[in-house]
Amino acid sequence: MAPAVDGRAARWQNHREERRRELIKAARKAVHALGGDASMEDIAAAAGTSKPVFYRYFGDKAGLQQAMGEMVLAQMQRRMKEAVAIAVTAREGLFAMVSAYLQMAESSPNVYAFVTRLPHSEAGQQDALAASGALGHFFESISAMMAAPMREHLGADAATLIDYWPTAAIGMVRSAGELWLSSPDSPGKPDQQAMAAHITDWLCTGIATGGAVARNQQ
């Protein structure tokens, strides 16, 4: 016989979960407006509540970063899957994933910075994503997503390389994407679509152009 469910406890748990989601959404809006270095006090004030409330639900700023990051990255992952679903070729699939990643980061650089970096006082540690098992799982999932089109692109003979390539690719996509995101606007800065195309080219064929490869082979 199944144990009786405590209705009051269930309602309280549902209330806490709903309240937690509301606080994450409010914090995300605050960080979008205030910047990636926003303090817990500033976030709480912008959200119309007190700092102790955020500490009660998230423990500390790192806990809030992780909770917000899980929400942001879940949305990013869904966007990537939707983009890949309509791609025709393996290369188009990679471009779709890179483009979706850049779009989400560009839509709110402040939120992206908040969920991917530890506070300056902890700069010597790993960043928030690398230190979090839950958020680290996101990158494992994205690696698996990237491996599928790359298997098609490279062929069966390169199957053993697939275990290594997605990890390296994720590092390059993230590093190049964050540098692009933080670079000031200028005539030479590529737009989002162009940057996604460049990164896709680097993933598939490397940085050398066909002409450069031909010259090097002479």
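Residues numbered from 1 in each chain as written. Predicted model: local features only at pLDDT ≥ 70, side-chain atom pairs only at ≥ 80, totals over all residues. Heavy atoms only, no water.

To continue, consider the overall build of the protein chain. The secondary structure content of the protein chain amounts to eleven helices and zero strands. Counting over 218 residues, the protein chain shows a buried share of 38%. In the protein chain, of all internal contacts separated by at least 6 residues, the share reaching a separation of at least 24 is 67%. By element, 55% of the accessible surface of the protein chain is carried by carbon and sulfur atoms, the whole surface being about 12,600 Å². (Helix = DSSP H or I, 4+ residues; strand = E, 2+ residues; numbered from the N terminus. Buried < 20%, exposed > 50% of the residue type's maximum accessible area, 1.4 Å probe, protein only. Contact = heavy atoms within 4.5 Å. Areas by Shrake-Rupley, 256 points an atom, 1.4 Å probe, with all protein chains shown as cover.)

As a further point, take the side chain of Q192. With respect to the helices and strands, Q192 occurs in helix 10 (residues 192-205). Using a relative accessible area of 10% as the deciding quantity, one classes Q192 as buried. Polar contacts involving the side chain of Q192 include one to the side chain of Q193, which spans 3.2 Å. (Polar contact = N/O pair within 3.5 Å; in protein donor to acceptor, adjacent residues only side chain to side chain.)

Okay, the packing of helix 5 (residues 90-107) against helix 9 (residues 165-182) next. Orientation of helix 5 relative to helix 9, taken along the N-to-C sense of each, is 40°, at an axis distance of 11 Å. One finds that helix 5 runs oblique with respect to helix 9. Helix 5 and helix 9 meet at a crossing whose hand is right-handed. Residues L94, V98, Y101, L102, A105 and E106 of helix 5 touch helix 9, and the partners they reach there are W165, V173, R174, G177, E178, W180 and L181. Tallied by class, residues from the contact of helix 5 with helix 9 come to nine nonpolar, one polar and three charged. (Axes fitted to C-alpha atoms, helices over the stretch in contact; angles between N-to-C directions. Parallel < 35°, antiparallel > 145°, perpendicular 65-115°, else oblique. Left-handed = near helix turned anticlockwise from the far one by under 90°. Nonpolar A, V, L, I, M, F, W, Y, C, P; charged D, E, K, R; others polar.)

Grouped together as the largest cluster of nonpolar side chains are 26 residues, with contacts concentrated most on L102, M146, I199 and L203. Mapped onto this core, the elements with two or more residues apiece are helix 4 (61-85), helix 5, helix 8 (133-154), helix 9 and helix 10. Broken down by element, this core gets its largest block of residues, eight residues, from helix 5. Counting residues in each nonpolar core, the second largest holds 21 residues, with A27, A30, A67 and V115 among its members. (Core = buried A, V, L, I, M, F, W, Y, C linked by side-chain atoms within 4.5 Å.)

This brings us to the pattern of salt bridges. By the definition in use, this model includes five salt bridges. Its salt-bridge partner being R174, residue E178 comes within 2.9 Å of it at the nearest N-O pair. Placement of the pair is E178 and R174 together in helix 9, with a separation of four residues, close to one helical turn. Judged on exposure class, the residue E178 and its partner R174 are both buried. (Salt bridge = Lys/Arg side-chain N within 4 Å of Asp/Glu carboxyl O.)

Moving on, we come to the packing of aromatic side chains. Counted under the stated rule, the structure contains two aromatic pairs. Ring geometry for F54 versus F58: centroids 6.0 Å apart, planes at 25°, classification stacked. Note that F54 and F58 are positioned in helix 3 (residues 51-58) at a spacing of four residues, about one turn of the helix. Across the pair, exposure class does not vary: F54 and F58 are buried alike. (Phe/Tyr/Trp six-rings, centres within 6.5 Å; stacked < 30°, edge-to-face > 60°.)

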